[in-house]
Amino acid sequence: MLSQSASACLQRIADVVYPPVCLGCGVLTGRHGAVCASCWREVRFIERPYCDILGLPFSYDPGPGMLSAQAIAHPPVFDRLRAATVFDRTARNMVHGLKYRDRGDLAPIMAGWMERAGGDCLRCCDAILPVPLHRTRFALRKFNQSAELARHLAISTGKPYLSAALVRTKRTKRQVGLTARAREDNVRAAFAVAEGREAEVFGKHIVLVDDVYTTGATVSAATRALKKAGATEVSVLTFAMALAETI
C-alpha cells in the first residue's frame, strides 16, 4: 500500500502529464473535475418552477402541479422529463467532449448533475436504462455516451442498470439537422425490448437516460417500445435540454 507522501507524489506527476482543465472550455484549473469561473457563469441549471411533466422552466412560479401549454396540448408518451441544464455553450462542450472526444472523465460529473435534477424520478424507479445505439454505429464509435451516464447514475443511486434490455432494431440517420417531423420518421419503430429481457421491464418504473433532449423524438420512440413491453412508467432523464426560451 502506498504511503501518503508517495500517493501525493504520484498525483503531482499525474497532474503534470494530465493537468486539471475546465470541463467546459479546457483552460487550466486548480483541480480535476472543475469548471472555470467563466464557464460556470454560463451554466443554466434547470430549477423549479418548471412543468411537472416536460420539465420546461417557467419564468415565474405558477404554483405546484402546473403544466405547460405544450404538455397539455401535446401530452408526451413518457410520464415525465427532467434535465440538468439548458443546452448552452458549456453544456454543449461537455456533451461533445463525452460523445466525440473520448472524455470519459466527464461522465461521472455529468451524471452527478443529472442525479440532482432527476431525484424525484430516481428515488421511485425500479431500474435505469440508456437509449441504445445500433450495433453497427456502436462498432464504429466504440462508445455510447448515454450508457456511460446511465451506468454512473446506477452506481451512485444503487438502482439496477439494464444495459441490454432495450435495443435499436434499425440503423437510423443522425438526428442532427433534421426537422422535428423528420426526426420522428427517422426513429419510428427503431427500438424494441430484447428477446428474453421482457421481465426486466414488465410492470417496472423505468428511468430512460439520454444526453440531450431536443424534440423528444428518440426518447418517445424508445418509451413506446418499453410501454409496449409492459413498463408501467417511463421517466426521461437527460443531461441537457435544448430550449428556445423560458416559458
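Starting from 1, residues in each chain are numbered consecutively following that chain's sequence as written. Totals for whole chains, interfaces and linings use all residues, but because this is a predicted model, local features are given only for residues with pLDDT of at least 70 and pairs of side-chain atoms are given and counted only at 80 or more. Excluding hydrogens and water, the side-chain figures rest on all heavy atoms present in the structure.

(A) Structural context of the sheet that holds strand 6 (residues 233-241). Pairing within the open sheet is parallel, and its four strands lie in the order 1-6-5-2. Where the open sheet ends on each side, the last strands, each with one partner, are strand 1 (80-86) and strand 2 (127-130). Taking the axes of each pair of neighbouring strands and ignoring which way they run, one obtains an average angle of 25 degrees across the sheet. Here, strands pair whenever DSSP counts at least two bridges between them. Strands here are runs of E lasting at least two residues and helices are runs of H or I lasting at least four, both read from the DSSP assignment and numbered beginning at the N terminus. As judged from the six bridges shared by strand 1 and strand 6, these two strands associate in the parallel manner. Paired with Thr85 across the strands is Ala240, a residue of strand 6. Across the face of the sheet, helix 4 (residues 89-100) comes into contact with strand 1, strand 5 (205-213) and strand 6 while running at roughly 105 degrees to strand 6. Most of the contacts of helix 5 (residues 106-117) go to strand 1, to which it runs at about 130 degrees, and overall it touches strand 1, strand 5 and strand 6. Axis geometry follows a simple rule: fit a line to the C-alpha atoms, using only the stretch in contact for helices, then measure angles between N-to-C directions, giving values from 0 to 180 degrees. Contact definition: two residues touch when any of their heavy atoms are within 4.5 Å.

(B) A look at the layout of surface pockets. Each cavity reported here is a set of points on a 1 Å grid over the protein atoms alone in which a 1.4 Å probe fits but cannot get out, each pocket an open set with protein on both sides within 12 Å along at least five of seven lines, and each lining residue one with an atom within 4 Å of a point. Grid points are joined across faces, edges and corners, and a volume is the space filled by probe spheres set on the points. Empty space within the largest pocket amounts to approximately 680 Å³. Around the largest pocket sit 35 residues that line it, and Lys99, Gln175, Val176, Arg183 and Asp211 are the ones nearest its centre. Among the elements of the structure, helix 4, helix 7 (135-141), helix 8 (145-157), strand 5 and helix 11 (217-228) are those that each provide at least two residues to the lining of the largest pocket. Of the residues forming the lining of the largest pocket, the biggest block, five residues, is contributed by helix 4. Each residue gets one of three labels, nonpolar for Ala, Val, Leu, Ile, Met, Phe, Trp, Tyr, Cys and Pro, charged for Asp, Glu, Lys and Arg, and polar for the others, Gly among them. Of the residues assigned to the lining of the largest pocket, the class counts are 12 nonpolar, 12 polar and 11 charged. Its boundaries defined by the atoms lining it, the second largest pocket holds a volume of some 550 Å³. The set of elements that each furnish at least two residues to the lining of the second largest pocket consists of helix 9 (180-187) and helix 11. Grouping the amino acids of the lining of the second largest pocket by side-chain chemistry returns 13 nonpolar, five polar and four charged.

(C) Region of the structure containing the packing of aromatic side chains. Each Phe, Tyr or Trp ring (for Trp, its six-membered ring) is paired with any other whose centre lies within 6.5 Å, and the angle between the two planes then decides the class: stacked below 30 degrees, edge-to-face above 60, tilted in between. As enumerated under the stated definition, the model contains five aromatic pairs in all. Seen from their ring centres, Trp40 and Trp113 are 6.1 Å apart, and the 75 degrees between their planes marks the pair as edge-to-face. One end of the pair, Trp40, is in helix 2 (residues 37-42); the other, Trp113, is in helix 5, and 73 residues separate them in sequence. In this structure Trp113 comes out as buried when scored by relative accessible area, which is 15%. Relative accessibility under 20% of the residue-type maximum defines a buried residue, over 50% an exposed one, and the middle range a partly exposed one, all with a 1.4 Å probe and only protein chains included.

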